[in-house]
Amino acid sequence: MAQALGEDLVQPCELQDDSSSLGSDSELSGPGPYRQADRYGFIGGSSAEPGPGHPPADLIRQREMKWVEMTSHWEKTMSRRYKKIKMQCRKGIPSALRARCWPLLCGAHVCQKNNPGTYQKLAEAPGDPQWMETIGRDLHRQFPLHEMFVSPQGHGQQGLLQVLKAYTLYRPEQGYCQAQGPVAAVLLMHLPPEEAFWCLVQICEVYLPGYYGPHMEAVRLDAEVFMALLRRLLPRVHKHLQQVGVGPLLYLPEWFLCLFARSLPFPTVLRVWDAFLSEGVKVLFRVGLTLVRLALGATEQRLACPGLLETLSALRAIPPAQLQEEVFMPQVHSVALSEQDLQREIKAQLAQLPPPRPQARLAGAQAIFEAQQLAGTQGAARPEVPRIVVQPPEEPRPPRRKPQTRGKTFHGLLTRSRGPPIESPTRSHRSSTSFLDTRF
């Protein structure tokens, strides 16, 4: 497994710098009054046109047609051809279809269908003043260089306020976490507020339960799991981090809580989300391991980071050219970390974790689909089962004896049956008249 990650840096090809499309932590300078937005909506960004590493237009069109076909028969495709969906997500969902695919992958469309009118009631209800004040202070920090979130009175910030407020009312025991802001903002860039809300619910409660609550117990668990994976897959990097005193809680929460929305170029963020919504939290671990390897995988890099501050700076200052989607994502998917390996490590670390312990999470779109199908089957009205009535066995009858019809014709028997009754000798068998009535 260690060979799959390697200890040496991969030499990336020279690609166009896209650092202007980074998250809010990298957007330090305000937008110019007449700067143009790139294809993702970032003012002054450099992603106006696809770079040389992007697939050609005809290939993108083919992928769009595949996604249109798969989403048109979603239940059938998920039931029989999930591997195809997973591979297409790894290649990247076309930008024009993310608004259609993300709610299907995470199961938000089922939640919205089963809860009609819920979001409208939450959006119209007054929020908790404590949470409303905290959310209001964070609105301008979410992607300030994106055209949706530039104006405080614009639809971007107002929609973000409504979505985050609705979640605090939907789950008052959890409230609001600042890391939910970037996640909800990315969702609002692609979805209407109601669909973005249900996607946020699925992420917080199905993909990452225990991440955004008051105790954040799942973050502590995943930090221990991440260090165990580093010890097994990148032993030299793990040793260096221990020597300089850099624990996973110093850098991992910003990565995992925000789903890398504030740590990677935005085109790469979208590719990470495509894979994450398909395969679950395993993708976050793969991305994190790849970033650590890119920052500290070489001996020269570790020697240049003798202390804690230098090491943290290296983890946060990976050159953007190495993080471009067409270079970065193949490395992510090549990390030798299976779902079985991850669950085994989670189980081992969970036994050592003090309470409260996080609840179980579902491993991606297929598990969510199966759980929703099962819940729908159990919640539906059961069909009426016909009652089976068993009659008691009849008493055994004496065997029938053949009537004495020798020398007689059927015509004569019929004639005699219509006439007055004829005394017949006492016999144990039925008369010919009774036989004819029964037989014909």
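Bear in mind the structure is a predicted one, so any value in this text is a computation, not a measurement.

On to the overall build of the chain, then. Of the regular secondary structure elements, the chain holds 23 helices and zero strands. Residue burial in the chain is summarised as follows: out of 440 residues, 48% are buried. Accessible surface computed for the chain: about 23,600 Å², of which carbon and sulfur atoms make up 54%.

This part is about the pattern of salt bridges. In total, this model carries twelve salt bridges according to the counting rule given. Note that Glu-133 and Arg-137 form a salt bridge whose closest N and O atoms lie 3.3 Å from each other. Taken together, the positions of Glu-133 and Arg-137, both in helix 8 (residues 129–138) and four residues apart, correspond to about one turn of that helix. Glu-133 sits in the exposed class, given a relative accessible area of 52%. Classification of Arg-137 by relative accessible area gives partly exposed; the value is 43%. Put simply, Arg-171 and Glu-205 hold a salt bridge, and the shortest N to O gap is 2.7 Å. Linking Arg-171 in the loop between helix 9 (155–170) and helix 10 (180–190) with Glu-205 in helix 11 (residues 193–207), this pair joins segments that are 34 residues apart in sequence. Relative accessible area serves as the criterion here: at 23%, Arg-171 is assigned to the partly exposed category.

Turning our attention to the nonpolar core. Within the largest apolar cluster, 117 residues are counted, with the highest numbers of intra-cluster contacts made by Leu-187, Leu-208 and Tyr-251. Discounting chain neighbours no more than four positions away, the residues touching Leu-187 are Trp-102, Ala-196, Cys-199, Leu-200, Ile-203 and Trp-273.

Between helix 5 (residues 98–106) and helix 11, whose axes approach to 10 Å, the crossing angle comes to 35 degrees. Pair helix 5 / helix 11 crosses with left-handed handedness. Contact residues: helix 5 offers Ala-99, Pro-103, Leu-105 and Cys-106, while helix 11 offers Glu-195, Cys-199, Gln-202 and Tyr-207. Classifying every residue of the contact of helix 5 with helix 11 by side-chain character gives six nonpolar, one polar and one charged.

As a further point, take the confidence of the model for the chain. When pLDDT is averaged along the chain, the result is 82, and 76% of the positions lie at 70 or above. Below pLDDT 50 for its whole length, residues 1–33 participates in 84 contacts with residues either more than four positions away or in separate chains. Per-residue pLDDT stays below 50 along residues 380–386; that stretch engages in zero contacts with residues further than four places along the chain or on separate chains.

Our focus in this paragraph is the environment of Cys-177. With respect to the helices, strands and loops of the structure, Cys-177 is situated in the loop between helix 9 and helix 10. C-alpha of Cys-177 to C-alpha of Thr-134: the two residues are 43 residues apart in sequence and 9.3 Å apart in space.

Time to look at the packing of helix 4 (residues 82–91) against helix 15 (residues 266–279). Relative to each other, helix 4 and helix 15 sit at 160 degrees, their axes nearing to 8 Å. In terms of orientation, helix 4 lies roughly antiparallel with respect to helix 15. In this structure, helix 4 crosses over helix 15, and the sense of that crossing is left-handed. Contact with helix 4, carried on its side by Tyr-82, Lys-86, Cys-89, Arg-90 and Lys-91, involves Arg-271, Asp-274, Ala-275, Ser-278 and Glu-279 of helix 15 and no other residues of that element. Broken down by class, the residue content of the contact of helix 4 with helix 15 amounts to three nonpolar, one polar and six charged.

A few words now on a nonpolar patch on the surface. On the surface, Leu-250, Leu-308 and Leu-309 cluster together into a nonpolar patch covering about 270 Å² of accessible area. Mapped onto the fold, Leu-308 is located in helix 18 (residues 308–316).

Okay, the side chain of Arg-361 next. Position of Arg-361 relative to the elements: it lies in the loop between helix 20 (339–350) and helix 21 (365–379). A polar side-chain atom of Arg-361 sits 2.8 Å from a polar atom in the side chain of Asp-222. Leaving out residues up to four positions away in the same chain, Arg-361 has contacts with Val-206, Tyr-207, Pro-209, Tyr-211, Asp-222, Val-281, Phe-285 and Ile-346.

All right, on to the environment of Met-227 then. Along the chain, Met-227 falls in helix 12 (residues 217–233). Leaving out residues up to four positions away in the same chain, Met-227 has contacts with His-238, Pro-248 and Tyr-251.

This part covers the state of the cysteines. Two cysteines, two sulfur atoms, one covalent bond between them: this is a disulfide. Summed over all chains, the structure comprises zero disulfides. In this structure Cys-89 is a free cysteine whose sulfur lies 7.3 Å from that of Cys-101, the closest cysteine sulfur available. Note on Cys-89: relative accessible area 0%, which makes it buried. Cys-199 carries a free sulfur, and the closest cysteine sulfur to it, the one in Cys-106, is 3.7 Å from it.

The next subject is the packing of aromatic side chains. What the rule picks out here adds up to 18 aromatic pairs. With 6.3 Å between their ring centres and 85 degrees between their planes, Phe-226 and Phe-256 make a pair best called edge-to-face. Remark: Phe-256 occurs in helix 14 (residues 252–257) and Phe-226 occurs in helix 12; sequence separation between them is 30 residues. Per residue, the accessibility class of Phe-226 equals that of Phe-256, and both read buried. Clustering of aromatic rings is evident, with ring pairs tying together Phe-226, Tyr-251, Trp-255, Phe-256, Phe-260 and Phe-285.

Criteria and cut-off values
- Residues numbered from 1 in each chain as written.
- Predicted model: local features only at pLDDT ≥ 70, side-chain atom pairs only at ≥ 80, totals over all residues.
- Heavy atoms only, no water.
- Helix = DSSP H or I, 4+ residues; strand = E, 2+ residues; numbered from the N terminus.
- Buried < 20%, exposed > 50% of the residue type's maximum accessible area, 1.4 Å probe, protein only.
- Areas by Shrake-Rupley, 256 points an atom, 1.4 Å probe, with all protein chains shown as cover.
- Salt bridge = Lys/Arg side-chain N within 4 Å of Asp/Glu carboxyl O.
- Core = buried A, V, L, I, M, F, W, Y, C linked by side-chain atoms within 4.5 Å.
- Contact = heavy atoms within 4.5 Å.
- Axes fitted to C-alpha atoms, helices over the stretch in contact; angles between N-to-C directions.
- Left-handed = near helix turned anticlockwise from the far one by under 90°.
- Nonpolar A, V, L, I, M, F, W, Y, C, P; charged D, E, K, R; others polar.
- pLDDT = per-residue confidence, 0-100.
- Parallel < 35°, antiparallel > 145°, perpendicular 65-115°, else oblique.
- Patch = residues over 30% accessible without salt bridge, like charges linked within 9 Å, V, L, I, M, F, W, Y side chains within 5 Å.
- Polar contact = N/O pair within 3.5 Å; in protein donor to acceptor, adjacent residues only side chain to side chain.
- Disulfide = S-S within 2.5 Å.
- Phe/Tyr/Trp six-rings, centres within 6.5 Å; stacked < 30°, edge-to-face > 60°.

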